[in-house]
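Architecture at a glance
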Amino acid sequence: MERIASVDEIPTKGVLFDYKEGPFDEQGILVRTRDGFKAFKNECRHLPMRLDDREPADIWDPHGRYLVCNSHGARYRPDDGLCVSGPCEGSHLKELPVVVKGDEVYLETDKIGGFFNV
Ligand code: FES
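Please read these numbers as outputs of a predicted model, since none were measured by experiment. (Residues numbered from 1 in each chain as written. Predicted model: local features only at pLDDT ≥ 70, side-chain atom pairs only at ≥ 80, totals over all residues. Heavy atoms only, no water.)

This brings us to the domain arrangement of the protein. For the protein, the domain assignment lists domain 1 (1–43 + 94–118) and domain 2 (51–93). Taken over C-alpha atoms, the centre of domain 1 sits 18 Å from the centre of domain 2. Between domain 1 and domain 2, the buried area comes to about 1,100 Å², and carbon and sulfur atoms account for 55% of it. Considering only the surface of domain 1 that becomes buried against domain 2, Lys13, Phe40 and Asn42 emerge as the three largest contributors, covering 42% of it. At the junction of domain 1 and domain 2, the tally comes to two salt bridges. Between Lys13 and Asp58 there is a salt bridge; the shortest N-O distance is 3.0 Å. In terms of residue class, the side of domain 1 that touches domain 2 is built from four nonpolar, three polar and seven charged. (Domains from an automatic or database assignment. Buried area = accessible area lost by both parts, 1.4 Å probe. Salt bridge = Lys/Arg side-chain N within 4 Å of Asp/Glu carboxyl O. Nonpolar A, V, L, I, M, F, W, Y, C, P; charged D, E, K, R; others polar.)

What follows is the structure, encoded as structure tokens:
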């Protein structure tokens, strides 16, 4: 289990963090939800590209309501990662296991077989 951030440090638009899945360097997105926090792999379900692979690098829609893939416009709900519109509508971002302990949010690395760096 590795610390991602303190609850107080996580901005409204969440935080990106690096981690490993086996030998692969990956990036995650930790977001605030109505119930707490969720983390997702920063990889679109249309094509294996990061949501912020193209400009603008902001992964949120202008209203801060959905995560957006800048390649072809897929929009994902931050509460559950469901793609609500775009070429992969109906699919989900890959959720990463996180847990809140005290004032800290941790990635449960033992459940994904890797480690990470913020
Ligand atoms: S790669 Fe994300 S919508 Fe196409």
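The three strands are arranged β5-β6-β7 in an open sheet whose pairing can be described as antiparallel. Edge positions in the sheet fall to β5 (67–68) and β7 (83–85), since each of these pairs with one other strand and no more. Note: β5 against strand β6 (residues 75–76), two bridges, orientation antiparallel. Paired with Leu67 across the strands is Tyr76, a residue of β6. (Pairing = 2+ DSSP bridges. Helix = DSSP H or I, 4+ residues; strand = E, 2+ residues; numbered from the N terminus.)

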